[in-house]
Amino acid sequence: MGLHEVAVPAWRSSPSRALMRRFVVGLAGEGVQSAFHLLLNLVAMRGLTAYGYGLFAIVFMVGSLAVTYSNALVAIPAAVYLPRLRSPGAGRFQEVVLGAVAAALSAGAGALTLAGLWLWSGSAVFGASAGGFVAMWTLRNSVRAGLFARREPGLAAGADLVFAGTGTACLAAAWWLDALSPVACLAILAVANACGAAAGLYGSGRPVRLSFRRGVRRRYARHWPQVSWSVAGMTTTNIQAQFQTVLVALIAGPAAYAPIAAALILLAPLRLAGSALILLMQPEFTRGLAAGRRGEVRRLLLAGTAAVALVCLAYGAVLRLGWDEIAARIYAPVYADQPMGLVTALAWVTALLYVTSMLPKAALEAAGAFRSVAAATLASSLAGIVAVAALLAWSGPAWSLAGVVLAESITLARFGIDAARITRSRD
């Protein structure tokens, strides 16, 4: 080693350490937006009637469904295809292709939501606020996915900070003016998501390109055989995730779903942290599998899944230790007559199983095994629908969550077995 050469410690150049830094930054962004979602829901729970909050929660569920299709059509292709491209020009063109799909999907989802809720409620203002929220959340999700696929979690975290800051300021203004309503809550989310999407698009300084010419459509059509299975898998996943909500809302009404939505809010940070981990890990899985480093991918998958499970267990322990205080401060004023302890416990088990299965699913998608994902979620959703319907008829909305637990257990088992097979080392 020469006089002027400086040895770089191994830990500083370690790929795993770089991945950890990116995860910490990405998790910080997820934490910021998770905190805002939690704040908004807590304020809505206290400021709206049970019917109003149930209505808001159902529209929020519609938005989350749109986001899942944004994942299937934009986020997953970005994580699977962009890391494989070596040419900067090819990467930029792929971004134009995915950007066109993201824009069309956001506009379509917003228009459908606006029209559907306007016809259902008879209120154009309610439909517009809900449609704007769904469109902007879908767009922001696509922008975030692109930033993570380009390994720019810092820009994604900055956009999340803009989203949360804008939303908090608007929420404070609505509370101060005593103007809180389902329409106001949805409008706040629409504005905040629009600001977050704009920050993500323009924060990097790169020009925003949008094109729907024939070459762009033709390029995306090349991916459609795999993407179509991603859409099929996302559809069965959505059925599995939302059938309990739909059945409770249709049979018992929005007010009966409100206690379940209130319990699920407490578990939202786990799901958002899992989403942040997937956005970071899926490109790593893709690179590793494309290079034939199956053993490395397997070790990364096992370590990540174990860490996620431990975090979920610790989170559940904190909820259990602080339950009396949580129930008194959050649930007692409105849901004192509901079995919130049972509902929250079942919601936690559901979140544990769901979040633990996210990384095996991401590994399957990185390997292009979209058909395996669709088959697993189809089997689990069918079993879950039967179980939820039976429990709903036999014991009411609270115990119907046990049917979701059954479905998530089947999904985790299938994803784990298939991911172990795909990542089996051939070194």
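Position numbers for residues start from 1 in each chain and track the written sequence from start to end. Local features in a predicted model are, by the rule used here, given only for residues with pLDDT of at least 70; side-chain atom pairs are given and counted only at 80 or more, and totals for whole chains, interfaces and linings are based on all residues. To obtain the side-chain values, all non-hydrogen atoms of the structure were used and water was disregarded.

A run of DSSP states H or I qualifies as a helix once it reaches four residues; a run of E qualifies as a strand once it reaches two. Both are numbered from the N-terminal end. Helix span, expected: 1.5 Å multiplied by one less than the number of residues in the helix. For helix α14 (residues 401-422), spanning 22 residues, the distance from its first C-alpha to its last is 32 Å, which sits close to the expected 32 Å at 1.5 Å a residue. If you check which residues of α14 are buried, you get Leu401, Gly403, Val404, Val405, Ala407, Glu408, Thr411, Phe415, Asp418, Ala419 and Ile422. Per-residue accessibility, obtained with a 1.4 Å probe over protein chains only, is compared with the maximum for each type, and a residue is labelled buried under 20%, exposed over 50%, and partly exposed between these values.

By the secondary structure assignment, Thr68 is in helix α3 (residues 50-81). Overall, the relative accessible area of 16% leaves Thr68 in the buried class. Here a residue-residue contact requires only that any non-hydrogen atoms of the pair lie within 4.5 Å. In contact with Thr68, not counting residues within four places along its chain, are Met234 and Asn238.

Moving on to the environment of Leu342. Position of Leu342 relative to the elements: it lies in helix α12 (residues 340-366). With a relative accessible area of 26%, Leu342 lands in the partly exposed category. Once the C-alpha coordinates of Leu342 and Trp399 are considered, the two residues, 57 residues apart in sequence, prove to be 8.0 Å apart. Excluding residues within four positions of it along the chain, Leu342 makes contact with Ala398 and Trp399.

A word on the packing of aromatic side chains. By convention, a stacked pair of Phe, Tyr or Trp rings (six-membered ring in the case of Trp) has centres within 6.5 Å and planes under 30 degrees apart, an edge-to-face pair has planes over 60 apart, and any other such pair is tilted. Applying the stated rule across the entire model yields six aromatic pairs. Taking the centre distance of 6.2 Å and the plane angle of 35° together, the rings of Tyr53 and Phe56 count as tilted. Separated by three residues within a single helix, Tyr53 and Phe56 lie in helix α3, roughly one turn from each other. Side by side, Tyr53 and Phe56 carry an identical accessibility label, which is buried. Seen from their ring centres, Phe56 and Phe60 are 6.1 Å apart, and the 50° between their planes marks the pair as tilted. A residue pair is termed a helical-turn pair when its members lie 3 or 4 positions apart in one helix, as Phe56 and Phe60 do in helix α3 at four residues. In textbook terms, an aromatic cluster arises when at least three aromatic residues are bridged by ring pairs, as seen for Tyr53, Phe56, Phe60, Phe133 and Trp137. Stacked on the ring of Phe163, the Lys or Arg Arg140 has its end atom at 3.9 Å from the ring centre. We call a charge positioned over a ring when the NZ of a Lys or the CZ of an Arg lies within 6 Å of the ring centre and within 35 degrees of the ring normal.

Right, let's get into helix α13 (residues 370-395). Between its terminal C-alpha atoms α13 stretches 36 Å, which fits the 38 Å expected from 26 residues at 1.5 Å a residue. Within α13 the residues assigned to the buried category are Phe370, Val373, Ala374, Ala376, Thr377, Ser380, Ser381, Gly384, Ala387, Val388, Leu391 and Leu392.

At their nearest, the axes of α3 and helix α7 (residues 182-203) sit 9 Å apart, and the two run at 30° to each other. Taken together, the axis directions place α3 and α7 in an arrangement best described as roughly parallel. α3 and α7 meet at a crossing whose hand is right-handed. Residue-level contacts link Gly52, Phe56, Val59 and Phe60 of α3 to Pro182, Cys185, Leu186 and Leu189 of α7. When residues are sorted by character, Ala, Val, Leu, Ile, Met, Phe, Trp, Tyr, Cys and Pro go into the nonpolar class, Asp, Glu, Lys and Arg into the charged class, and all the rest, Gly among them, into the polar class. For the contact of α3 with α7, a count of residues per class yields seven nonpolar, one polar and no charged. Interaxial angles span 0 to 180 degrees and are taken between N-to-C directions of axes, which are lines fitted to C-alpha atoms, for helices over the stretch in contact. Angles below 35 degrees are treated as roughly parallel, those above 145 as roughly antiparallel, those between 65 and 115 as roughly perpendicular, and all remaining angles as oblique. For a crossing to be left-handed, the near helix must be turned anticlockwise from the far one by less than a right angle; the clockwise case is right-handed.

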